[in-house]
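# Inside the fold
So you can see what is in the structure, the chains are spelled out below.
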Amino acid sequence: MLNSLHMNFKEEIVQGIPNDLPTLNTYPKDANRAPKRKDILSEDEKYLAIRNALRYFPEKWHVLLAKEFAQELKDFGRIYMYRFKPSYKIYARPIDEYPAQSKQAAAIMLMIHNNLDNAVAQHPEELITYGGNGAVFQNWAQYLITMQYLSMMTDGQTLHMYSGHPMGLFPSSKSAPRVVVTNGMMIPNYSKANDWEKFNALGVTQYGQMTAGSFMYIGPQGIVHGTTITVMNAFRKVLPKGETPAGKIFLTAGLGGMSGAQPKAGNIAGCITICAEINPKAANKRYDQGWVDVLIDDLNILVSRVKMAQDNNEIVSIAFIGNVVDVWERFENENIFIHLGSDQTSLHIPWTGGYYPVDMSYEESNLLLSQDPDAFKEKVQASLRRHVASINHHASRGTYFFDYGNAFLLEASRAGADVVSTNKIDFKYPSYIQDILGPMCFDYGFGPFRWVCTSGKMEDLDKTDQIAIDILQDMLEKSPEEIQLQMQDNITWIRNAKENKMVVGSQARILYADAEGRSKIAAAFNKAIASGIIGEVVIGRDHHDVSGTDSPYRETSNVYDGSKYTADMAIHNVIGDSFRGATWVSIHNGGGVGWGEVINGGFGLLLDGSNEAEERLKNMLFYDVNNGIARRSWGRSEEALFAIKREMERTPALKVTIPFIVENSVLKNLF
Ligand SMILES: NC(=O)c1ccc[n+]([C@@H]2O[C@H](COP(=O)([O-])OP(=O)(O)OC[C@H]3O[C@@H](n4cnc5c(N)ncnc54)[C@H](O)[C@@H]3O)[C@@H](O)[C@H]2O)c1
């Protein structure tokens, strides 16, 4: 029997859990380790966690591994099974390099590898792709067994995965998905933040975020595109028709994981972006990457640089190293008009360093946080009140402020800031979904369609970019006025996509398209594959979309019939996609807004040039988008009603229940 040391990549994959105990290597020096997790388990529960972990391994190793895993649990709050991380390099290899009986299974291996690539993943040693906790697997044993199953599966089997755990291969059929993924699905009463800590530590569930646990992450390109579309549409709301954003100000905060996309997006949208960041390291990182043009740490210099940019109608992004509240207040005193205002500090975790209070340096804040968390909390709340007071002042002069899905308005209201509207229910300001992405994109079916060229060749990506441009251009000429701007924005995006150098890891691309656009682009790819012009392509999307996600404060926040607290749409979506041709499907609890706050689902579909693939893509993409439009139209969205009626005209087999709209005068004096 071969020892792992003498095996090649394919043999190692096929082997699964190795026959010989691998050596325990030291932790890689340059790796970004996941934060230590809460020590939340009782002693009995800790024993249960060890018992759970050991069930992946033969008894002969139990004594040694029990001690090792207990140490991992003590040191990191989780058992990652570091010893079992394979020695080969993990990255999205060309699809033919994977050992597989099924091409679809090979495509899934490629996508798993992309999510765990050192260049892509946030904490690769802990199998975390993004968001601090977005896991692909809970531990390396799950990874090894999953890859082994994928290497042996045929097109007549389906792998069922429970939060990273490969439950097993079950007989199914050629038309069934090859993999069904669930992440973090809990009995509703056990879905609070601490429940994640506990059940994840026990090794029985995980936080899949959106594209981490569904193998569909493509690096920062997705967030840059989404932010660009948001900023472009926000300017459209505030500027007279035909006026460009050049020389107009977008003021925001945060240059971290996702927020760091803001200046890059501002440049693509063509405005002056001022993005405050309190942590000099985070600001410098984005500057070194070329995602922000100018670094300034002095308010006087900032003011004169901004005035100059306004005078010259510049397109420029400026990182201000300091607190964003200082910028809002100083611009107020200087009478600098802000066209767009937002915020992407991490207010979903306000008390643990997500938001830094004004009038304190970064170091002072961190010290206070560690020594006196209650005093830190008070400082944060006082800062939020000041922050909002200045925003209100700017808004009274005409600034358009929107919440960027980071719980800014929620936490500001909890801090007692003047942010609640006169009806005492709503906030004074909209969220970016309520005002921008919901009515302008999702309700028309526009959402984050993405694809990966499995050959790994840049030429293939270039060819697919061109195919997408040709399709969208052709559709633009025939499309109704309501959706022309969205089409145009995405044509502009894709034309510049290569130049923006957003590819990290696999050769991937994202754009927003509606059901018709997604289907036409995918069908054209499939044809190009059949003709040998390009290799196989995986299509998919992220979960921040029309139909896949029920999230009352984000994706479905513009559904106003009371149903935004239900999750039927996401469940129908995953079931509907699964029998219409998806290669894999996933459904998660969690995502950007928190455990228990959202149910979101996704899919992947391998295009291999076959007639069957064409059949699958048409059937599945149609449902994947129109399910959400139907639900949004039932929620009385005018835009969705327009879109679903148009779709019914195009597709006679589609029959959707349309709401009757009640006159306001009927709803008076009834109670
Ligand atoms: N809805 C969406 O599509 C969407 C997209 C991106 C981010 N978000 C939300 O935005 C938030 C940020 O995400 P992230 O991944 O960038 O988080 P992150 O923690 O990596 O970055 C936030 C940054 O804000 C900085 N910061 C905190 N307080 C500050 C202050 N007062 N002044 C200046 N800088 C300050 C921090 O130093 C940090 O670098 C999260 O809450 C996330 O959920 C939502």
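Residues numbered from 1 in each chain as written. Predicted model: local features only at pLDDT ≥ 70, side-chain atom pairs only at ≥ 80, totals over all residues. Heavy atoms only, no water.

What follows deals with the overall build of the protein. A tally of regular secondary structure across the protein gives 21 helices and 17 strands. Relative to a compact globule of 671 residues, whose C-alpha radius of gyration would be 26 Å, the protein shows 25 Å and is just as compact. Restricting to contacts in the protein with at least 6 residues of sequence separation, those with at least 24 account for 69%. Carbon and sulfur atoms form 52% of the exposed surface of the protein, whose accessible area is close to 28,000 Å². The averaged location of the 77 negative side-chain charges in the protein is 2 Å from the averaged location of its 66 positive side-chain charges. (Helix = DSSP H or I, 4+ residues; strand = E, 2+ residues; numbered from the N terminus. Rg over C-alpha atoms; globule rule 2.2 N^0.38 Å. Contact = heavy atoms within 4.5 Å. Areas by Shrake-Rupley, 256 points an atom, 1.4 Å probe, with all protein chains shown as cover. Lys, Arg positive; Asp, Glu negative; His and termini not counted. Charge placed at Lys NZ, Arg CZ, Asp CG, Glu CD.)

This brings us to the pattern of salt bridges. One pass over the structure, following the stated rule, counts 33 salt bridges. Here Arg-386 ties to Asp-359 by a salt bridge, and the two come within 2.8 Å at their closest N and O atoms. Pair noted here: Arg-386 is in helix α13 (residues 373–396) and Asp-359 is in the loop between β10 (340–341) and α12 (362–371), with a separation of 27 residues, a long-range link. Given a relative accessible area of 59%, Asp-359 falls into the exposed group. In this structure, Glu-614 and Lys-618 form a salt bridge, with 2.7 Å as the shortest nitrogen-oxygen distance. One end of the pair is Glu-614 and the other is Lys-618, both in helix α20 (residues 611–634) and 4 residues apart, which spans about a single turn. Look at the salt bridges and you will find they share partners, linking Glu-516, Lys-520, Arg-646, Glu-647 and Arg-650 into a network. (Salt bridge = Lys/Arg side-chain N within 4 Å of Asp/Glu carboxyl O. Buried < 20%, exposed > 50% of the residue type's maximum accessible area, 1.4 Å probe, protein only.)

Here the focus is the sheet that holds strand β8 (residues 294–296). Reading across from one edge, β8-β9-β7-β6-β10-β11 is the order of the 6 strands in this open sheet, with parallel pairing throughout. Because the sheet does not close on itself, it has two edges, and the strands there are β8 and β11 (400–401). Bridging between strand β6 (residues 249–253) and β10 involves 2 bridges; their strand directions are parallel. Bridge pairing in β10 links Leu-251 to Gly-341. (Pairing = 2+ DSSP bridges.)

What follows deals with the side chain of Asp-542. Position of Asp-542 relative to the elements: it lies in the loop between β14 (537–541) and β15 (549–550). Given the relative accessible area of 11%, Asp-542 is considered buried. A distance of 2.8 Å separates a polar atom in the side chain of Asp-542 from a polar atom in the side chain of Arg-450. A distance of 2.8 Å separates the side chain of Asp-542 from the backbone nitrogen of His-544, its partner in a polar contact. (Polar contact = N/O pair within 3.5 Å; in protein donor to acceptor, adjacent residues only side chain to side chain.)

Considering all chains together, one arrives at 26 aromatic pairs under this definition. Their ring planes at 10° and their centres at 4.8 Å tell us that Tyr-130 and Tyr-217 sit as a pair that is stacked. Residue Tyr-130 is located in strand β1 (residues 128–130), and its partner Tyr-217 is located in the loop between α6 (193–201) and α7 (221–238); the two are separated by 87 residues in the primary sequence. You can call Tyr-130 buried: its relative accessible area is 12%. Taken together through their ring pairs, the aromatic side chains of Tyr-56, Phe-57, Trp-61, Phe-69 and Phe-84 make up a single cluster. When the ring centre of Phe-9 is taken as reference, the NZ or CZ atom of Arg-93 above it lies at 3.6 Å. A cation sits over an aromatic face here: Arg-580 above Tyr-623, 4.1 Å from the ring centre. (Phe/Tyr/Trp six-rings, centres within 6.5 Å; stacked < 30°, edge-to-face > 60°. Lys NZ or Arg CZ within 6 Å of the ring centre and 35° of its normal.)

Let us look at the site of the ligand. By nearness alone, 27 residues border the ligand, and Ser-259, Glu-277, Ser-346, His-348 and Tyr-432 come closest of all. The side chain of Asn-323 places a nitrogen or oxygen atom 3.2 Å from a nitrogen atom of the ligand. Between the ligand and Val-324, the relevant distance is 3.2 Å, taken from a nitrogen atom to a main-chain nitrogen or oxygen of the residue. Burial of the ligand by the surrounding chains reaches 89%, relative to a free accessible area of 860 Å². For the shell around the ligand, the residue count by class is 9 nonpolar, 16 polar and 2 charged. (Near = heavy atom within 4 Å. Nonpolar A, V, L, I, M, F, W, Y, C, P; charged D, E, K, R; others polar.)

Time to look at the side chain of Glu-125. Relative to the helices and strands, Glu-125 is located in the loop between α4 (103–116) and β1. With a relative accessible area of 8%, Glu-125 lands in the buried category. Polar side-chain contacts of Glu-125 include one of 2.9 Å to the side chain of Lys-85. When residues no more than four places from it in sequence are discounted, the contact partners of Glu-125 are Tyr-27, Pro-28, Ala-31, Tyr-82, Lys-85 and Trp-140.

Let us look at helix α10 (residues 299–311). For α10, spanning 13 residues, the distance from its first C-alpha to its last is 18 Å, which sits close to the expected 18 Å at 1.5 Å a residue. Three or more residues of α10 are buried, namely Leu-302, Val-303, Arg-305, Val-306 and Ala-309. Buried residues belonging to α10 abut β6, β7 (272–277), β8, β9 (316–321) and α11 (324–333). Capping the start of α10, Asp-298 holds a side-chain oxygen 2.8 Å from the backbone nitrogen of Asn-300, two or three residues further along. Note on α10: the residue one or two positions beyond its end, Asn-313, has a positive phi of about 50°. (Expected span 1.5 Å × (residues − 1).)

What follows is about the packing of α20 against helix α21 (residues 638–650). Between α20 and α21, the shortest axis-to-axis distance is 8 Å and the interhelical angle comes to 130°. As far as their axial angle goes, α21 and α20 are oblique. Regarding α20 and α21, the two cross each other, and that crossing is left-handed. Here Phe-622, Asn-626, Ile-629, Ala-630, Arg-632 and Ser-633 of α20 come into contact with α21, specifically with Ala-640, Leu-641, Ala-643, Ile-644 and Glu-647. Counted by class, the contact of α20 with α21 contains 7 nonpolar, 2 polar and 2 charged residues. (Axes fitted to C-alpha atoms, helices over the stretch in contact; angles between N-to-C directions. Parallel < 35°, antiparallel > 145°, perpendicular 65-115°, else oblique. Left-handed = near helix turned anticlockwise from the far one by under 90°.)

Everything listed is a geometric property; what it means functionally is a separate question.
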